[in-house]
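So the chains spell out like this:
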Amino acid sequence: MSASVDTHRAILRRHELRWRQQFLRVLVILTAVVGSLAVVGLFDPNRIATGVPAIVNLLPEMFPPDFARWPFWIKPLIDSMAMSIAGTSIAVFFSLLLCFFAARNTSPSPALYVIATAVLNVTRAVPELILGMILVAAVGFGALPGTLALGLHSVGMLGKFYAEAIELCDQEPIEAARSSGASELQVIVHSILPQVFPAMADVTFYRWEYNFRASMVVGAVGAGGIGLEIISALRIMEYQQVSALLLVVLVVVTALDSMSNALRHWMVQ
Amino acid sequence: MKELLSIQRLSVSFEENNFAVRDISFSLQDGEFVVLLGSSGAGKSTLLRSLNGLVQPCSGSIRSRHHGEISASTNRQLRAHRRDTAMVFQQHQLIDRLSVLDNVLMGRLGYHSFLRSLLPLPQSDRQKALSALERVGLIDKALARVKDLSGGQQQRVGIARALVQEPRLILADEPIASLDPESSVQILSLLKDICQRDRIAVLVSLHQVEFARQFADRIIGMAAGRIICDQQSLTLQESEIHALYRHKLEAAVT
């Protein structure tokens, strides 16, 4: 009996130790969070005291929204939409090629795995705004450099997510396919792809919506789309136009969101 | 023996005019070991789940001696009834990445408020969890992850989780359907032992006639959502067993 009491006590002690370790980890993260809030000045009373009223003063200047220039917004909006679709497609193409090399379970060799993940990391590391500026310098103003910037930057994120989905897929059906004499390529296409397709569709549609929003950012550096309109209105301090443009973008993003939901539903049964 | 749960004219349907459980009446006594026997699709799971309030019946009543009418109960009453009515699931329904002990402790959630449950549970609860693990023979696995356990061991964790609820009734939904014969006997013996020693009533659904005969005090046979027979297991006739599975055959032929 005393032996069992001892084992119970030992188990409880170890269990408690684990809980404390977890608590300690949370504490470390919390310290980092509070520290960064302090560094960026959120705890600086002077900045807050002057900043908050300034924002409040700006808000009335944005009302009512001024839609007078709407005929000039149609072409840039179409551009932005096209940029997001074209950019995402480019990203999907390259991500699909790279992801099988960047997933541990499908990569043909460790060297190719390292190269593929390095490519994904680099494209993810360079922000689309920087890519946009470089490409505008290279190929000139317009939607083309913007599209390439969106596409290249998206490869990093889409490829990484695709690869992660592949690494997380069930091994059992893969084994079953292999046991039936399927080649490695057949295994990938007929056993892995059907499993990861819903996850891939999810991130792709999310990325499409993200790219539409990002197209405004690259538009600001002259890479096409509705972003240029917004940045121009901001420069000449036409805040009523800015609010009108933001409303238009909000409507489009909302429409895009429901559209991508419908498309996803339609494709993934 | 006193009546623990009384079910009157219970029906459950998930789509219109398609009843998973139709017009079922029976009662469960304190401390009895009842096997719910029937082929898959007979409505056993739906019946068990409705007894715990996981499925809403469309008509009929489920009355508990301790908590009154279940389908018309308040949230608080329903929680109390669920605490008293532990479930063991076919697919174990454990959290793979947590330790065995942490999974068992989930059985104590019904005894604590939300805020209290954010802190480590009291020492007495952890002692209960360890006793339950000792009971199911997994004390040496207490801090192992559930995913490193075999199917039979995982099901025993599920039973330990049910035990720490200190229930009056355990509902076990096909607890051995994905286990080998040896583990199956082990799990059913464990449930039987819990029933006899702790006087906890057990209602377990099975589709194996032999196991039902071997372990049950009483067998309730179900087919196509209805009760076909309900009697002490010793008196169950061969013809009645055939009747249970004939429905399935007829459905397959027509």
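No experiment lies behind these values; they were computed from the predicted model shown.

Cut-off values and rules
- Residues numbered from 1 in each chain as written.
- Chains lettered and ligands numbered in written order.
- Predicted model: local features only at pLDDT ≥ 70, side-chain atom pairs only at ≥ 80, totals over all residues.
- Heavy atoms only, no water.
- Phe/Tyr/Trp six-rings, centres within 6.5 Å; stacked < 30°, edge-to-face > 60°.
- Helix = DSSP H or I, 4+ residues; strand = E, 2+ residues; numbered from the N terminus.
- Buried < 20%, exposed > 50% of the residue type's maximum accessible area, 1.4 Å probe, protein only.
- Lys NZ or Arg CZ within 6 Å of the ring centre and 35° of its normal.
- Pairing = 2+ DSSP bridges.
- Axes fitted to C-alpha atoms, helices over the stretch in contact; angles between N-to-C directions.
- Contact = heavy atoms within 4.5 Å.

### Notes on the packing of aromatic side chains
Next up, step 1: As enumerated under the stated definition, the model contains two aromatic pairs over all chains in all.
Next up, step 2: When the ring of A:Trp19 is compared with that of A:Phe23, the centres are 5.6 Å apart and the planes differ by 10 degrees; the resulting orientation is stacked. In this pair, A:Trp19 and A:Phe23 are both assigned in helix α1 (residues 2-39), four residues apart and thus about one turn of the helix distant.
Next up, step 3: By relative accessible area, which is 45% here, A:Phe23 ends up partly exposed.
Next up, step 4: Seen from their ring centres, A:Phe93 and A:Phe94 are 5.3 Å apart, and the 80 degrees between their planes marks the pair as edge-to-face.
Next up, step 5: A:Phe94 sits in the partly exposed class, given a relative accessible area of 40%.
Next up, step 6: Directly above the aromatic system of B:Tyr111 lies the positively charged group of B:Arg83, at a separation of 4.9 Å from the ring centroid.
Next up, step 7: Cation over ring: B:Arg108 sits above B:Tyr111, and NZ or CZ is 4.0 Å from the ring centre.

### Considerations on unusual backbone geometry
Next up, step 1: Cis geometry marks the peptide bond from A:Phe63 to A:Pro64, where omega comes out at -5 degrees.
Next up, step 2: Turning to its location among the elements, A:Pro64 is positioned in the loop between α2 (45-61) and α3 (74-102).
Next up, step 3: Here B:Arg9, not a glycine, exhibits a phi torsion of approximately 45 degrees, which is positive.
Next up, step 4: Of note in the backbone geometry, B:Glu174 takes a positive phi value of approximately 45 degrees without being a glycine.
Next up, step 5: When you line up the elements, B:Glu174 lands in the loop between β7 (169-173) and α7 (181-198).

### Describing the environment of B:Ser117
Residues and elements named next belong to chain B.
Next up, step 1: Residue placement: Ser117 occurs in helix α4 (residues 114-118).
Next up, step 2: Judged by relative accessible area, Ser117 falls into the partly exposed class, the value being 26%.
Next up, step 3: Between the C-alpha atoms of Ser117 and Arg197, which are 80 residues apart in sequence, the distance is 30 Å.

### A few points about the sheet that holds strand β10 (residues 226-232) of chain B
Residue and element names in this part refer to chain B.
Next up, step 1: With mixed pairing, the six strands of this open sheet are ordered in space as β6-β7-β8-β3-β9-β10. Two strands bound the open sheet, and with one partner strand each, they are β6 (85-88) and β10. Here the average twist between neighbouring strands, direction ignored, is 15 degrees.
Next up, step 2: In the sheet, strand β9 (residues 218-223) pairs with β10 via six bridges, with the strands oriented antiparallel. Paired with Ile219 across the two strands is Gln231, which belongs to β10.
Next up, step 3: Against the sheet, helix α2 (residues 75-84) makes contact with β6 and β7, and its axis sits at roughly 60 degrees relative to β6, the strand it touches most.

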